[in-house]
Number of protein chains: 2
Amino acid sequence: MTAATTSALEYLWEARSIAIVGASNRDGALGSLPIKYLQRYGYAGTIVPINPSAKEVHGLPSYPSLAVAPMPIDLALVMVSATHVADTIDECAAAGIPMVIIGASGFAEAGPEGAALQREIESRAKSAGIRLLGPNCIGAVGFATKLMATFTPLFSAREVPWQTGNIGFVSQSGALGFGAVSLALERGLGLGWAINTGNEADVTALEVLEALAQLQSCHALLAYLEQLSDANALRRLAVLGKPMAFIKAGGSDAGASAAASHTGALATADRVVNAALRKYGIARAQDVDELLDFGEAFSQPRRPAGPRVAVVSTSGGSGILATDAIESSTLTLATLGEATQAVLDEFVPAFGSTTNPVDVTATVMSDVSVFSRCLDAVADDPGVDTIIACFCVLVDDDVDAIVSTLGTVAARSGKPVLVARTGGDFLAPLAKDALRHAGIPSYTTPTRAVRAADALWTVWAEGRSPTVLTLQSVTPPSHADEHSLKLLLAAAGLPVTRGRLVHSDSDAQDAVLELGGLAVGKAVVPGLLHKTDAGGVELGITPETASRVYQRLKQLGGEVRFEEMVTGHTEVLVGVASTPLGPVVSVGTGGIHTEAMGDVTVRLAPVDMHEAAAMIAETAVGRLLTSTRGQPAGDIPSLAQLVATVSQIVDGWPAGFELDLNPVAVFPTGIRILDAAYVEPRAK
Amino acid sequence: MTAATTSALEYLWEARSIAIVGASNRDGALGSLPIKYLQRYGYAGTIVPINPSAKEVHGLPSYPSLAVAPMPIDLALVMVSATHVADTIDECAAAGIPMVIIGASGFAEAGPEGAALQREIESRAKSAGIRLLGPNCIGAVGFATKLMATFTPLFSAREVPWQTGNIGFVSQSGALGFGAVSLALERGLGLGWAINTGNEADVTALEVLEALAQLQSCHALLAYLEQLSDANALRRLAVLGKPMAFIKAGGSDAGASAAASHTGALATADRVVNAALRKYGIARAQDVDELLDFGEAFSQPRRPAGPRVAVVSTSGGSGILATDAIESSTLTLATLGEATQAVLDEFVPAFGSTTNPVDVTATVMSDVSVFSRCLDAVADDPGVDTIIACFCVLVDDDVDAIVSTLGTVAARSGKPVLVARTGGDFLAPLAKDALRHAGIPSYTTPTRAVRAADALWTVWAEGRSPTVLTLQSVTPPSHADEHSLKLLLAAAGLPVTRGRLVHSDSDAQDAVLELGGLAVGKAVVPGLLHKTDAGGVELGITPETASRVYQRLKQLGGEVRFEEMVTGHTEVLVGVASTPLGPVVSVGTGGIHTEAMGDVTVRLAPVDMHEAAAMIAETAVGRLLTSTRGQPAGDIPSLAQLVATVSQIVDGWPAGFELDLNPVAVFPTGIRILDAAYVEPRAK
């Protein structure tokens, strides 16, 4: 994105003048709503209604066309029907308008004709140097400037709990997006920007997010996305380092397309999205409520130094729910230090609990100085990174003092404090605002508070330094078969099975002897990916059977490779597959049943040794390698080294490839790549 | 539970008189709150304050002791400190009070001394025939009778959105439980009963649930549980057929205790709870919000005839989120019939979607007659069991007509209609009440609506007829080893490996020849569960090696069994383990790496063939058996038969046993139990 286009996007929230093309005086008409909103919420810039016949719209001077409007216009909100949009864009171009929002539906979402219309407006905008938001787009809101370039009915409600904050919200869905905005307003979560990108003929959600992330005033970003396929845009966005949470909808496995290799099949769309978001430190929210929950955590200024959480509750039940949630998160339950323990032992009644999760009991809550002592002790504990305070029924009078204590502790310790307040707002009508004012995000349940704390840790820990490695590329030749691929991998220092091509009956016998008297034979046929299925692999070849096996494999139409036969190993799959979000590296159960087992973990490449070891630990086969039940453990460090190296050598390989190392034999000491396959981009 | 105890529990909501022992005039005192509540909410029975010195408490005549109170008392709420509780129980006994609630903390939750105190009050109550709720219990509320036998601060809030409904709520946690009650009141979910069971010295949560389930006026039950270990009570409750949802907290795997066999280790506490709840058609909620969401669905009277859901939305985004949620539930996306399609094709604009999920677009919403036609068509479709209608921003004036349409369709079709309204309440302040009045549960997001619809289907489908089979018991002998166990299993018609004990070198050679020249030898040592680890298994025995192997295995201290050696199979684990919730049957990946793989699915025994096949389909090894990649499929019907039979033969076996069939060899045709182990109750 160039500087010029960045400034065009900024008109979505900074325009000093906005034209409404298709402005209307009729109450409730779509061409009336934006003007009413701009007036109602107090937009300070110039509103320019465009209407072929009206002299005035809602008391403002109206113009029959953009051509005759005398003032410079930064932003046009085009409210004419689909078939008139193309001409309107030409008029915007003539008037020198840099940024245009197209509200109308009836484009790519409505079938082939609409798609053609969309290509037409895209091309006209492009040649005129105009940036387009939409079509099929409900518009954009800049909360600080009250720039209401939208016709969502949301802002026509009788009482809108309007507020301005520092969070940017971008949605590919219009109605659902502004529905989420209304839920944010209702819970008092301050947004600074709300932008719907509609059909994305030109401007994409990632591009808007990037523009917002560059603003100093934007503290965090939330997004609802249905498409996420631009690896470069995602990387540029991630580098800006703002806390982010996305809903990625349509993410079920059913959506993954067929792939040629095991690795390709296992890198389902959903796993790739998870890998990419994880890589870039973006939290993935499962639902709209959760997205806003994460926004609450991001909007407070404190960041955790580590994953260790102390839970301080007034109820054993809350502590148990919080612990359950922590165990299924990336957080850990902090072990409290002796000094902390001493304070808690002194003040917490016998029927409470002084170990984490701490139950100070409702008794302690009635004496705020005692509660404050306990909370201070926990916050001062160097083994605690985040504090989750759980209250249940907490009524009126208690609230002020407790909230003030929580706020003081958060400010003093610099540690995030999150509250789970499992009770109706009616119990303490002032608590919500008081907590928000103190910078303490609050949630209805301990589980929600823990998930938000987990998101805060995720964006902070994972997002601090996206790995960008540049390694020498060793792209495979265009018709790489197993044999040539193994040569290439060996050249990169990777441990492949010893072996060679054999060319005659006697050569086959020699090869078996060279390999120790027992060998595996393989048909080396370019494009034959699943050799075992095709009878292209034979085990246990002896010098006696060598020539017979050679002849049989030769008949499959390619070369024949004999290699060492190994036993006593565990079979693991290591693979890398190109995806729209960049290459992903996979580790899982190997062998021919790989897909059936579905045991795989996926990350965006490249990964380092540390990350590779973490991947292995997540898989069932990784647990098996650490198992000592009747079998020695597998050589996990060597396997991790392989995963890391493989994830790095694919840098620069052409988009669309798949590299399958399956199986990789893992021995108690050492590993060996038993089979390797490369799928070329064009082969798919 | 006898009729007598049932009637005692009913005093928790039907008492005509209630004594408050430890009544206080002091504002905010715990002994003051219940009396204030009984007065504030309008309890029509007799309130009897007991206070050693006061003549009057809150304007009511007070008595120095229960002994001098002249009226019959149905229920006593005892608010004295822990050390005075035992004597008070004696006084309750003397006064003929059948039901007593103990509020005080300081019992089993506070250490050994408290536990002794708790045993003491339990024993005194028992010998007097008094039922005890608590101790460490915040009390009980009967909403219809306004029987506020509680000191929770909840009811002291300035404005409580009081209402009475048909849902029973039972919680083992007091503070969290009444926190959840306040959230229910806030969202307008009508409760009829809210009861905290505290330490459960006597009355348990399951017992209270059973008593409530027997009430005609109770339509559904919600519970927060930390302990769930009474299989009989759960079965009695389930048979009553009321829709139920439980939170089971403390359910993480970390809590599972060590077990001797693979089956025991795999039947973690959490898996057993899931299996039990599933068996009895009880929905498991993951969080408090979700528990109340499920309550909303249960409180409407319609029940789905099947799992097929039609999604009707005004926004593509909502449809996608709903579809994602349906794919990870037990529901399916309905395929709409031709007649339905024709109506939708006629009315839905081109930029909407006429296939499920249907997007009628916001345009259709502006003409209620069109919306009504579309909704009627979907509801009349015989392929649709439940309708989920998703709206986003839906403002004031639209609401009445749409809500009335939804209500009419639900009433006419008899199909459940659930609404996802992703928008703040401020957009349409009247919508919430209107929807509730129309019997339409509503949720903030499509995901939450789908999960609630899933719970509704779960309780309806699974709960209709809890399987109760009575089969002939074949309890293993008290020292069953592999050999005797295989004889027992063979007698039950199960396919075990052919083989026999061998008693000498020559006998061993004979045995190998009988078994076809190749055999497996096994040490048969009672109590030796993991033979492979101990070197107690040897494969590939020929007549030549027979005597050497026999001698070696003999040295392990038991008998020696030779049996047929099988190949070309897939290894599966089938097991049954006794748990506090009854025996559970497990199926998963077999072999020595079973626990490492963690591939297992668990149900409460017994299961039938159909259920067994469903279990197999859920596992990775089950997918592997259906895989045809290079291998013939496994004999799944025979495996399912085995699972069902095994789950049935353990009926009547003593509590605490574990039966491990691991591995079971599954061939393309047929199966064979390769190894079997029985762990006796006392061995653990």
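So, how was this worked out
Residues numbered from 1 in each chain as written. Chains lettered and ligands numbered in written order. Predicted model: local features only at pLDDT ≥ 70, side-chain atom pairs only at ≥ 80, totals over all residues. Heavy atoms only, no water. Helix = DSSP H or I, 4+ residues; strand = E, 2+ residues; numbered from the N terminus. Contact = heavy atoms within 4.5 Å. Lys, Arg positive; Asp, Glu negative; His and termini not counted. Charge placed at Lys NZ, Arg CZ, Asp CG, Glu CD. Axes fitted to C-alpha atoms, helices over the stretch in contact; angles between N-to-C directions. Parallel < 35°, antiparallel > 145°, perpendicular 65-115°, else oblique. Left-handed = near helix turned anticlockwise from the far one by under 90°. Nonpolar A, V, L, I, M, F, W, Y, C, P; charged D, E, K, R; others polar. Buried area = accessible area lost by both parts, 1.4 Å probe. Salt bridge = Lys/Arg side-chain N within 4 Å of Asp/Glu carboxyl O. pLDDT = per-residue confidence, 0-100. Least-squares fit on C-alpha atoms with pLDDT ≥ 70 in both. Pairing = 2+ DSSP bridges. Buried < 20%, exposed > 50% of the residue type's maximum accessible area, 1.4 Å probe, protein only. Arc of directions from axis to C-beta. Phe/Tyr/Trp six-rings, centres within 6.5 Å; stacked < 30°, edge-to-face > 60°. Polar contact = N/O pair within 3.5 Å; in protein donor to acceptor, adjacent residues only side chain to side chain. Right-handed = clockwise from strand over helix to strand, strands pointing away. Core = buried A, V, L, I, M, F, W, Y, C linked by side-chain atoms within 4.5 Å.

1. Things to note about the overall build of chain A
Tallying secondary structure elements over chain A gives 24 helices and 30 strands in all. If you line up chain A on its principal axes, its C-alpha atoms span 100 × 75 × 35 Å. A separation threshold of at least 6 residues defines the contact pool for chain A, and within that pool the share at least 24 residues apart is 69%. For chain A, the distance from the average site of its 47 positive side-chain charges to the average site of its 70 negative ones is 3 Å.

2. A word on the packing of helix α5 (residues 174-187) of chain A against helix α10 (residues 288-299) of chain A
Residues and elements named next belong to chain A. Packing of α5 against α10 leaves a shortest axis separation of 10 Å and a crossing angle of 45°. By the angle between their directions, the pair α5 and α10 is classed as oblique. The handedness of the crossing between α5 and α10 comes out as right-handed. When α5 is examined against α10, the residues Ala180, Leu183, Ala184 and Arg187 are found in contact with a partner set consisting of Val288, Asp289, Leu292, Asp293 and Glu296. Tallied by class, the residues present in the contact of α5 with α10 amount to 5 nonpolar, no polar and 4 charged.

3. A short note on the interface of chain A and chain B
The partner chain B presents 78 residues to the 78 residues of chain A that form the contact. Summing both partners gives a buried area of about 5900 Å² for chain A against chain B, and 61% of it is carried by carbon and sulfur. Inspection of the chain A/chain B interface yields 2 salt bridges. With its nearest N and O atoms 2.6 Å apart, the salt bridge here joins Asp289 of chain B to Arg448 of chain A. For the side of chain A that touches chain B, the secondary-structure elements that each account for two or more residues are α5, β13 (244-248), α10, α11 (316-327), α15 (396-413), α17 (446-463), α21 (594-597) and α23 (620-626) of chain A. Of the residues forming the side of chain A that touches chain B, the biggest block, 9 residues, is contributed by α5 of chain A. Classifying every residue of the side of chain A that touches chain B by side-chain character gives 31 nonpolar, 29 polar and 18 charged.

4. So, the confidence of the model for chain A
All names here are of chain A. The pLDDT averaged across chain A works out to 88; a share of 93% of its residues lies at or above 70. Within the model, pLDDT remains below 50 along residues 1-6, and this stretch shows 8 contacts once partners closer than five positions in the same chain are excluded. In the predicted structure, residues 252-258 sits below a pLDDT of 50 and forms 8 contacts with residues beyond four places in sequence or in another chain.

5. Here's the deal with the relation of the copies chain A and chain B
With an RMSD of 0.2 Å, the fit of chain A onto chain B corresponds to turning through 180° and sliding 0.0 Å along the axis. Both copies are brought into coincidence by an operation consistent with a two-fold rotation axis. Taken as a fraction of all interface residues of chain A, those also at the interface in chain B reach 100%, which identifies the copy contact as same-surface.

6. Describing the sheet that holds strand β5 (residues 75-78) of chain A
Residue and element names in this part refer to chain A. Spatially, 5 strands are ordered β2-β1-β5-β6-β7 in an open sheet, and the strand pairing comes out parallel. Looking at which strands have only one partner, the edges of the open sheet turn out to be β2 (46-50) and β7 (131-133). Averaged over all neighbouring strand pairs, the angle between strand axes comes to 20°, with direction disregarded. Sheet analysis places strand β6 (residues 99-102) next to β7, joined by 3 bridges and oriented parallel. For Ile101, the partnering residue across the bridge sits in β7 and is Leu133.

7. So, the pattern of salt bridges
According to the stated counting rule, one finds 68 salt bridges over all chains in the structure shown. Between Glu538 of chain B and Arg548 of chain B there is a salt bridge; the shortest N-O distance is 3.9 Å. Residue Glu538 of chain B is found in strand β23 (residues 537-541), and its partner Arg548 of chain B is found in helix α20 (residues 546-554); the two are separated by 10 residues along the sequence. What makes Arg548 of chain B partly exposed here is its relative accessible area of 48%. Here the salt bridges do not stand alone but share partners, grouping Arg187, Asp293, Glu296, Arg436 and Arg448 of chain A together with Asp289 of chain B into one network.

8. Focus on helix α22 (residues 609-618) of chain B
Residue and element names in this part refer to chain B. What α22 keeps buried is the set Ala612, Met615 and Ile616. When α22 is viewed along its axis, its buried side chains cluster within an angular range of 100° and face the same direction. The exposed residues of α22 that point more than 90 degrees off its buried face are His610 and Ala617. For α22, the elements touching its buried residues are β26 (584-589), β27 (600-604), α23 (620-626) and α24 (636-649).

9. Describing the packing of aromatic side chains
Residues and elements named next belong to chain B. In this structure the tally under the stated criterion is 19 aromatic pairs over all chains. Relative to Phe178, the ring of Phe155 has its centre 6.5 Å away and its plane inclined at 80°; by these criteria the two rings are edge-to-face. Note that Phe155 is positioned in the loop between β9 (147-150) and β10 (167-171) and Phe178 in helix α5 (residues 174-187), a separation of 23 residues in sequence. Residue classification places Phe155 among the buried residues on the basis of a relative accessible area of 0%. Taken together, the aromatic side chains of Tyr37, Tyr41, Phe143, Phe155, Trp162 and Phe178 make up a single cluster linked through ring pairs.

10. Quick look at the environment of Asp87 of chain A
You can see Asp87 of chain A is positioned in helix α3 (residues 82-94). For the pair Asp87 of chain A and Leu209 of chain A, spaced 122 residues apart in sequence, the C-alpha to C-alpha distance is 29 Å.

11. Here's the deal with the environment of Glu571 of chain B
Residues and elements named next belong to chain B. In this structure, Glu571 sits in strand β25 (residues 570-577). The sequence separation of Glu571 and Arg672 amounts to 101 residues, and the corresponding C-alpha distance is 9.8 Å. Other than its neighbours up to four places away in sequence, Glu571 contacts Thr589, Gly590, Gly591, Val621, Pro663, Val664 and Leu674. Within the structure, the side chain of Glu571 is placed 3.5 Å from the side chain of His569, a separation counted as a polar contact.

12. What to know about the pairing of β6 of chain A
Residues and elements named next belong to chain A. Residues Met99 and Ile101 point to one face of β6 and Val100 and Ile102 to the other, with burial holding for every one of them. Sheet topology places β5 next to β6; 4 bridges connect them, and they run parallel. Paired with Leu77 across the two strands is Ile101, which belongs to β6. Remark: the β5/α3/β6 crossover connection has right-handed handedness. Where the polypeptide runs from β6 across helix α4 (residues 112-128) and back to β7, its parallel neighbour, the crossover connection is right-handed.

13. Observations regarding the nonpolar core
In terms of nonpolar packing, the biggest core is built from 124 residues, with Phe155, Phe246 and Phe298 of chain A touching the most fellow members. Here this core gets 8 residues from one element, more than from any other, and that element is α17 of chain A. When residues no more than four places from it in sequence are discounted, the contact partners of Phe246 of chain A are Leu206, Leu209, Ala223, Leu225, Leu234, Leu237, Leu277, Ile282, Ala283, Arg284, Ala285 and Leu291 of chain A. Grouped together as the second largest cluster of nonpolar side chains are 123 residues, Met99, Leu222, Leu456 and Trp457 of chain B included.

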